[in-house]
Amino acid sequence: MSTAIAIVGAGPRGVGILERISASAHELLRDALDVHLVDPYPAGAGRIWRDAQSPLLAMNSMAADVTMFTDDTVVCDGPIVPGPSFWDWAQGLSEADLAEWPPELVAELRAVTASTFPSRRLQSRYLASVLRTVVDGLPDDVRVHVHPARATGLTERAGRQVLAVEGEPALTVDAVVLASGHLDAGPTPEEQALLDAATARGLRYLPPEQTTDSDLSVVEPEETVITRGLGLAFVDLMVLLFEGRGGRFEEGPDGLTYLPSGREPRLVAGSPRGAPYHSKSHYQLRAGRPPVPRFLTSAVVDALAEALPRPLELRRDLWPLMAKEIAFGWYHELFGGHPELVALPWTEFEPRFAALDWDSPEMADLLSVAVPDPVDRIDFAALDRPFDGLAAGSLEELQPLVRARIAEDLHRHTDERHTPHLGAFTAMLAVYGEITRVQGAALLSAASRARDVPWWQAFFNSVASGPPGFRVRQLLALSEAGFVQFLGPGTWVDLDDDGFRAGSTTLAGAAPVRSTILIDARLPDPSLDRTADPLLAALHTTGEVSEEILRDDTGAVLRHTGLVRVRPADGALVDAGGNVHGRRFAVGPHTTVKVAGAFTRPGMNAQSLRYNDAVARAVLLSLSGARRAAA
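Quick caveat: nothing in here was measured; it's all calculated off a predicted structure.

So, how was this worked out
- Residues numbered from 1 in each chain as written.
- Predicted model: local features only at pLDDT ≥ 70, side-chain atom pairs only at ≥ 80, totals over all residues.
- Heavy atoms only, no water.
- Helix = DSSP H or I, 4+ residues; strand = E, 2+ residues; numbered from the N terminus.
- Rg over C-alpha atoms; globule rule 2.2 N^0.38 Å.
- Buried < 20%, exposed > 50% of the residue type's maximum accessible area, 1.4 Å probe, protein only.
- Salt bridge = Lys/Arg side-chain N within 4 Å of Asp/Glu carboxyl O.
- Phe/Tyr/Trp six-rings, centres within 6.5 Å; stacked < 30°, edge-to-face > 60°.
- Lys NZ or Arg CZ within 6 Å of the ring centre and 35° of its normal.
- Pairing = 2+ DSSP bridges.
- Axes fitted to C-alpha atoms, helices over the stretch in contact; angles between N-to-C directions.
- Core = buried A, V, L, I, M, F, W, Y, C linked by side-chain atoms within 4.5 Å.
- Contact = heavy atoms within 4.5 Å.
- Expected span 1.5 Å × (residues − 1).

Points about the overall build of the protein chain
Now for step 1: Looking only at helices and strands, the protein chain features 17 helices and 21 strands.
Now for step 2: Relative to the globule expectation of 25 Å for 631 residues, the C-alpha radius of gyration of the protein chain, 25 Å, shows essentially globular dimensions.
Now for step 3: By its C-alpha atoms, the protein chain is 75 × 65 × 65 Å across when sized along the principal axes.
Now for step 4: Counting the 631 residues in the protein chain, one finds 55% classified as buried.

Written out as structure tokens, the structure is:
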């Protein structure tokens, strides 16, 4: 009876755990080990990055900004085991390696540069290569078994974990890691009510889901479609409904134009912010990586928590430090990379900046003197709500106003004069990691977690998780051609007997847009009650996994987060009674520990790599054959 682990989910998160298990096995494990990777989708790529999807869909990271391996910047307990980044891998492929590739992927690979945004199908090839590299580097006494099937249940027998696998014999293992990534969920009660009402009227409503899995054949050519959501799911929708239906973009003397196929619809799109996510930056730092965290450090936050007679509030207590940290990244890049744009030397500015409170009159005075052009000062309000202040009497009048703001934002993320945006992004990653720790340490009040954390997550996604700049150019071209129109901030949608209606506070007094089809272009909110994952659903029914529910001091429910409760340090599952299971773990966006992405930029001491290491070592130490002295 060998020692064994099952990792449910063989995409980037699961493979990342396997890589860290391999790294620490020599140190922490005495016995031979079998690792079972269980996933109905291709091992390495998983569902999101699988090869079987539209070749038009791209990553929102540049080729040089993707790695699955640790490097010398990563601070973790396990050994550092370098491996190829996407760009290293792409440069190192030989003609023999490409012999059996489809011609279109070979052509794409040969055209890739460090600053291009590869297709998801090409990323799928990299992730498959990562898995092969990890397996090839395993210690001799660690074996990997891939099960291309769905895990459907988990029970315990005599202290061991029994994993039910669809179409295969059950696996009896010593520890299980749930690493399934983004999970499907059924409609919320509100979404289900809308679906029922729409169906009864002969209308079409597509609730939130992975856009790549949506049945878009229900969208008729030339019809008006109301869409809610302007994030990455909307970008995928745009790609599939326009280029995916035979339209194409053409570069000309006046810029990018869209040439229709005649099969495309017309999208009228909105969201609470009303704005698409900010473009990814298309340049590199000139001043090097800012030394962050500087102000929002764990020591500072813990001291603040001890000094206050109440739990921390994110907006009231932490945001001034968060904003100062992000601004520090911005100004570090501005002063170091663009000295011609500032009026003080960094050696004078930095200590004065460090001594002042964020958003104080003194800070405003310092910035106005040191940074003469307001465009070179960070503006959090504009980053958070870039369309605020817009107003128009009709949908048609609003469109050029919106396009002007999108075009200016795109310019700032592609013109190297504006590299401070990348400095701020780098600092935001450090802030994200600390806020994740703060939540795990239960330092925030329940009210702040219910109210402020969703705002922060939405702000982070909008600023740091946007599409490539070429997608924003395509969106502008579609808008210029009249195929995409924006509703503006404060979007609302309702339903009457004649169909869906949509408008916004930006269009007060204007006639609403009408349609017979509504698409919610976003991922479903996490939910254990509505999860489509049979394994998690079964564990939730028995109370062996539990949902994070935020309550006030009286016990009243503030918010159901839908997230699986885990021990913050290592991802160990917490059951309905608050007990930690020592041999069941979970990682990913469906848990209460949310790290920024399954893979990361090289040289960033990435939170995802550090957390993978912590979870993998905890899994190894949970085994009966572990060398516990190492703990």
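Considering the pattern of salt bridges
Now for step 1: A full pass over the atoms with the stated rule returns 44 salt bridges.
Now for step 2: Note that Glu 191 and Arg 522 form a salt bridge whose closest N and O atoms lie 3.0 Å from each other. With Glu 191 in helix α5 (residues 189-200) and Arg 522 in the loop between β17 (517-520) and α16 (534-541), this residue pair connects regions lying 331 residues apart in the sequence.
Now for step 3: The buried category is assigned to Glu 191, whose relative accessible area is 10%.

Overview of the packing of aromatic side chains
Note on aromatic pairs: each is described by the distance of the centres and the angle between the planes.
Now for step 1: Inspection of every chain in the model, using the stated rule, returns 29 aromatic pairs.
Now for step 2: Residues Phe 335 and Phe 349 carry aromatic rings whose centres are separated by 4.2 Å and whose planes lie at 20° to one another, so their mutual orientation is stacked. Remark: Phe 349 occurs in helix α9 (residues 346-355) and Phe 335 occurs in helix α8 (residues 314-337); sequence separation between them is 14 residues.
Now for step 3: Residues Tyr 432 and Trp 456 carry aromatic rings whose centres are separated by 6.4 Å and whose planes lie at 40° to one another, so their mutual orientation is tilted. Taken together, the residues span a long stretch of sequence, with Tyr 432 in helix α13 (residues 420-440) and Trp 456 in helix α14 (residues 446-464) at a distance of 24 residues.
Now for step 4: If you follow Lys 324 out to its NZ or CZ, it ends over the ring of Phe 295, 4.5 Å from the centre.

Some remarks on the sheet that holds strand β14 (residues 491-496)
Now for step 1: The antiparallel open sheet is built from 3 strands, whose spatial order is β14-β15-β16. Taken across any chain shown, the strands that pair with only one partner, and hence form the sheet edges, are β14 and β16 (513-515). Averaged over neighbouring strand pairs, the angle between their axes works out to 25° when direction is ignored.
Now for step 2: Two elements, strand β15 (residues 499-504) and β16, share 3 bridges in a ladder whose sense is antiparallel. Each bridged residue has a counterpart across the sheet, and for Arg 501 the counterpart in β16 is Arg 514.

Describing the nonpolar core
Now for step 1: In this structure, Ile 5, Ile 7, Leu 33, Phe 86, Tyr 126, Leu 163 and Leu 178 are the most contacted members of the largest nonpolar core, which totals 78 residues.
Now for step 2: The biggest single contributor to this core is helix α17 (residues 607-621), with 7 residues.
Now for step 3: Not counting residues up to four positions away in its chain, the partners in contact with Leu 33 are Thr 3, Ala 4, Ile 5, Ile 21, Asp 141, Val 142, Arg 143, Leu 620 and Leu 623.

What to know about helix α4 (residues 120-136)
Now for step 1: Over its 17 residues, α4 extends 24 Å from the first C-alpha to the last, a length consistent with the 24 Å expected when each residue adds 1.5 Å.
Now for step 2: Of the positions making up α4, those classed as buried are Arg 120, Arg 121, Leu 122, Gln 123, Ser 124, Tyr 126, Leu 127, Ser 129, Val 130, Leu 131 and Val 134.
Now for step 3: Buried residues along α4 sit against α1 (12-28), β2 (33-38), α2 (86-92), α3 (103-111) and α6 (232-241).

Overview of unusual backbone geometry
Now for step 1: Residue Val 292 is joined to Pro 293 through a cis peptide bond whose omega torsion reads 0°.
Now for step 2: With respect to the helices and strands, Pro 293 occurs in the loop between β12 (266-270) and α7 (298-307).
Now for step 3: A positive phi is found at Glu 222, a non-glycine position, where the angle reads about 70°.
Now for step 4: Relative to the helices and strands, Glu 222 is located in the loop between β8 (204-206) and β9 (224-228).
Now for step 5: Here Asn 605, not a glycine, exhibits a phi torsion of approximately 45°, which is positive.
Now for step 6: For Asn 605, the position within the fold is in the loop between β21 (580-586) and α17.

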